[in-house]
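Descriptive structure summary
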Amino acid sequence: MPDILQIRGLDAFYGSFQALFATSLTVAEEEIVAVIGANGAGKSTLLRSIAGWLGSAPDQILFDGEPIGGQRAENIAMRGVVMVPEGRRIFPSLTVEENLMMGAYVRRPGSWDLERVYELFPVLGERRTTPGTRLSGGQQQMLAIGRGLMANPRVLLLDEISLGLAPIAVKELYRVIPTLREEGMAVLLVEQDVRQATATADRIYCLLRGRVSLEAPASQVDHSELIAAYFGVREE
Amino acid sequence: MTDAIVQGILLGGLYALFAAGLAIVFGVMKIVNLAHGDFIILAAYLTLVVVDLTSLNPMVTVVVIAAVMGLFGYALQRGILNFTLGSGILSPLVVTFGISIIIQNVLLEVFSADTQGLDAGALELSSVSLPFGIAVGWFPFLTFLLSVAVLGGLQLVIGHTKMGRSFRAVSDDEETARLMGVRTRHVFGLAMAIALLVTAIGGVVLGIRTQFDPALGPARLIYAFETVIIGGLGSLWGTLIGGVILGVAQNVGAYFSPGWRELAGHLVFLIVLAWRPSGLFGRSAE
């Protein structure tokens with residue numbers, strides 16, 4: 001499968017603080033890629049740069065071979081690169097259904113609609129008229145993912161979807177990710193839980209202080225290499 | 001006294017029209033629009049020009065005035081105000097303050113400081129009898145119904161259309177709305193257009209009810225502020241109630257002494273502000 005997303009030598013900054021240093025990464029079509037790393041390693045920064053929340057040089061990020069780096073977030077979303085942001089960011093003034101409909105704001109063609117999202121997460125259908133932020137944490141994360149799917153993305157960026165959730169809720173969320181691949185979607189996810197990431201992804205990247213410290217197929221990750229890449233120290 | 005209260009209620013409808021535009025602009029863009037009152041007066045002068053040219057009844061021209069002010073609002077937002085966003089609250093304040101001064105001076109230059117009025121003909125003279133032996137002017141009564149209809153329409157648009165949904169989403173979380181592909185600069189333009197459209201209706205009504213001159217804007221801005229704060233942000237019906245409370249307070253004050261009109265309004269406003277800072281019907285601060 002050809003690469004749908006290519007990150008080439010990406011530098012990212014918060015003011016004068018540099019969070020990513022010449023980071024390179026690829027995601028192929030219908031591939032699930034996980035980015036792992038410790039707090040502050042630059043994982044979320046990477047997704048925020050791709051989604052257009054943070055600036056970058058045009059050809060540091062290629063989507064379908066075209067440079068999209070530094071474009072406005074709304075234009076990147078319109079192209080089909082859709083981020084489910086960290087912390088869910090549900091619109092409190094909107095009901096569950098209205099939140100989902102915001103996801104379909106740009107009306108990209110595709111098979112995802114309200115009916116299919118409710119099929120995937122039945123609890124959202126049962127509570128469609130509830131204000132979005134009244135849902136439990138796990139349900140809010142379902143809503144955030146459902147809202148992302150409503151845009152019919154070609155690449156879905158998932159930022160720490162397991163953050164602060166009970167293991168059972170996390171399991172429920174990760175259940176759906178392989179089905180997205182069957183829809184022809186590519187998924188780039190950021191995850192702190194290494195076990196969850198390696199179980200779900202085809203390939204993993206590990207970030208360490210803003211640099212890629214390891215890249216490997218998820219099935220062939222060597223434990224001690226991973227420890228070294230994650231913490232930046234060698235196991236004795 | 002009863003009469004003062006009834007007149008106050010009817011006046012409240014007009015204040016709600018003034019306030020709705022201010023509330024939308026603050027809700028969606030987080031801009032405190034200091035030129036809001038001058039937009040009301042601008043709409044009244046615009047009506048004066050159109051009536052002069054066409055000799056139509058001013059109430060008939062309201063559709064045109066609202067449309068023109070709406071387009072003006074979109075252009076103003078896209079052309080100027082969008083560039084003031086994102087760097088704190090000060091720059092939109094300074095820029096709208098500047099726009100306020102510009103509008104006042106342009107009106108002064110073009111129309112002089114003479115007071116003007118709009119003549120709606122027989123509409124202004126006839127009265128309608130309500131139960132309990134109260135008679136009110138047809139025009140104040142009509143404007144109250146118009147206000148309720150406009151606010152109801154606005155509520156429908158904001159609550160049940162794609163555009164309204166995008167207003168609420170952007171108001172909640174602009175950054176996340178952009179992830180859904182919402183072009184926020186365009187949405188801001190639409191919000192300003194809707195706000196000025198409603199404001200224009202208020203301006204036409206004001207022009208018919210009272211005499212006006214170029215310096216009248218800032219006081220209308222104060223009334224609009226007081227209405228929004230009494231009613232609370234986030235509820236258009238709250239805005240209507242806020243307008244009614246302010247209108248009644250002013251008219252009852254004036255009933256006792258003409259000098260008490262403004263003072264009574266301000267006092268009620270201060271009491272509400274001290275007692276319920278988020279307004280009577282506002283969402284409490286999260």
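Located above this text is the structure these notes cover.
Residues numbered from 1 in each chain as written. Chains lettered and ligands numbered in written order. Predicted model: local features only at pLDDT ≥ 70, side-chain atom pairs only at ≥ 80, totals over all residues. Heavy atoms only, no water.

Notes on the packing of aromatic side chains
Keep this limit in mind: Here a Phe, Tyr or Trp ring, Trp counted by its six-membered ring, pairs with any other such ring whose centre lies within 6.5 Å, and the pair is stacked when the planes are under 30 degrees apart, edge-to-face when over 60, and tilted otherwise. Helix numbers and strand numbers start at the N terminus; a helix is a DSSP run of H or I with at least 4 residues, a strand a run of E with at least 2. Counted as over-ring charges are cases with an Arg CZ or a Lys NZ within 6 Å of the ring centre that also lie within 35 degrees of the ring normal.
Applying the stated criterion across every chain, the model contains eight aromatic pairs over all chains. With 4.5 Å between their ring centres and 35° between their planes, Tyr-45 of chain B and Phe-111 of chain B make a pair best called tilted. Remark: Phe-111 of chain B occurs in helix α4 (residues 90-111) and Tyr-45 of chain B occurs in helix α2 (residues 36-54); sequence separation between them is 66 residues. Both rings, one in Trp-138 of chain B and one in Phe-141 of chain B, keep their centres 6.0 Å apart while their planes meet at 20°; by these two values the pair is stacked. Taken together, the residues span about one helical turn, with Trp-138 of chain B and Phe-141 of chain B both in helix α5 (residues 138-160) at a distance of three residues. Of the aromatic side chains, those joined through ring pairs into one cluster are Tyr-15, Phe-18 and Tyr-223 of chain B. The ring of Trp-112 of chain A carries Arg-116 of chain A above its face, with NZ or CZ at 4.0 Å from the centroid. Positioned over the ring face of Tyr-105 of chain A is Lys-162 of chain B, at 4.6 Å from the centre of the ring.

A few points about α2 of chain B
Spacing of three or four residues puts side chains on the same side of an α-helix, whose turn is 3.6 residues. Rules: Each residue after the first adds 1.5 Å to the expected span of a helix.
An ideal rise of 1.5 Å per residue puts 27 Å on 19 residues; α2 of chain B measures up with 27 Å between its terminal C-alpha atoms. A positive backbone phi angle near 50° is found at Ser-55 of chain B, which sits one or two residues after α2 of chain B.

Considerations on the pattern of salt bridges
Residue and element names in this part refer to chain A. Cut-off, in case you're wondering: Criterion for a salt bridge: a side-chain nitrogen of Lys or Arg within 4 Å of a carboxyl oxygen of Asp or Glu. For each residue, the accessible area found with a 1.4 Å probe, counting protein chains only, is set against the maximum for its type, and the residue is called buried under 20%, exposed over 50%, and partly exposed in between.
Within the structure shown, the criterion is met by 14 salt bridges over all chains. Among the ionic pairs, Arg-72 bridges to Glu-74, the shortest N-O distance being 3.0 Å. Relative accessible area serves as the criterion here: at 2%, Glu-74 is assigned to the buried category. Residue Arg-175 is joined to Glu-172 by a salt bridge in which the shortest nitrogen-to-oxygen separation is 3.0 Å. Here Arg-175 and its partner Glu-172 are both found in helix α7 (residues 167-175), three residues apart, which amounts to about one turn of the helix. Each member of the salt-bridge network shares a partner with another, and the members are Glu-31, Arg-203 and Glu-215.

Things to note about the sheet that holds strand β10 (residues 211-217) of chain A
Residues and elements named next belong to chain A. Cut-off, in case you're wondering: Criterion used throughout: strands pair if DSSP finds at least two bridges between them. Axes, fitted as lines to C-alpha atoms, cover a helix only where it is in contact. Angles between the N-to-C directions of the axes lie from 0 to 180 degrees. By definition in these notes, contact holds between two residues if any of their heavy atoms fall within 4.5 Å.
Taken in spatial order, the six strands line up as β6-β7-β8-β3-β9-β10 in an open sheet, and their pairing is mixed. The open sheet has two edge strands, β6 (81-84) and β10, and neither has a second partner. Ignoring strand direction, the axes of neighbouring strands in this sheet form an average angle of 20°. The strands touched by helix α1 (residues 43-51) within the sheet are β3 (32-37), β6, β7 (155-159), β8 (186-190) and β9 (203-208), with β7 carrying the most contacts at an inclination of about 145°.

Focus: the environment of Ser-278 of chain B
Mapped onto the elements of the fold, Ser-278 of chain B is located in the segment after α11 (260-275). Taking the C-alpha atoms as reference, Ser-278 of chain B lies 28 Å from Leu-216 of chain B; in sequence the two are 62 residues apart.

So, the interface of chain A and chain B
Defined as follows: The quantity reported as buried area is the accessible area (1.4 Å probe) lost by two parts once they are put together, taken as the sum for both. Polar contacts here mean pairs of N or O atoms no more than 3.5 Å apart (in protein, one a potential hydrogen donor and the other a potential acceptor; neighbouring residues in sequence count only if both atoms are side-chain atoms).
Counting residues at the interface gives 23 residues for chain A and 21 residues for chain B. On the chain A side of the interface with chain B, the three residues burying the most area are Glu-74, Phe-91 and Tyr-105 of chain A, jointly 28% of the side's total. Remark: the boundary between chain A and chain B carries four salt bridges. Across the chain A-chain B interface, the total number found is nine residue pairs in polar contact (both at pLDDT 80 or more). Elements supplying a minimum of two residues to the side of chain A that touches chain B: α2 (73-79) and α3 (96-103) of chain A.

Digging into the sheet that holds strand β1 (residues 3-14) of chain A
Residues and elements named next belong to chain A. Here four strands make up an open sheet; going across it, the order is β2-β1-β4-β5 and the pairing antiparallel. The open sheet has two edge strands with one neighbour each: β2 (17-28) and β5 (66-67). Sheet topology note: the strand β4 (residues 61-63)/β5 ladder contains two bridges and is antiparallel. Within the sheet, the bridge partner assigned to Phe-63 lies in β5 and is Glu-66. Sheet strands in contact with α1 are β1, β2 and β4, and its direction is about 110° off that of β1.

Quick notes on the nonpolar core
Put simply, the rule reads: The term nonpolar core refers to a set of buried residues drawn from Ala, Val, Leu, Ile, Met, Phe, Trp, Tyr and Cys, joined through side-chain atoms within 4.5 Å.
Grouped together as the largest cluster of nonpolar side chains are 118 residues, with contacts concentrated most on Leu-5, Ile-50, Leu-157 and Leu-188 of chain A together with Phe-39 of chain B. When residues of this core are assigned to their parent elements, the largest contribution, 16 residues, is made by helix α1 (residues 2-29) of chain B. Sequence-distant contacts of Ile-50 of chain A, that is, excluding residues within four places in its chain, are made with Leu-5, Ile-7, Ile-61, Ile-68, Ile-76, Val-81, Leu-157 and Leu-188 of chain A.

Nothing here speaks to function; it is all geometry.
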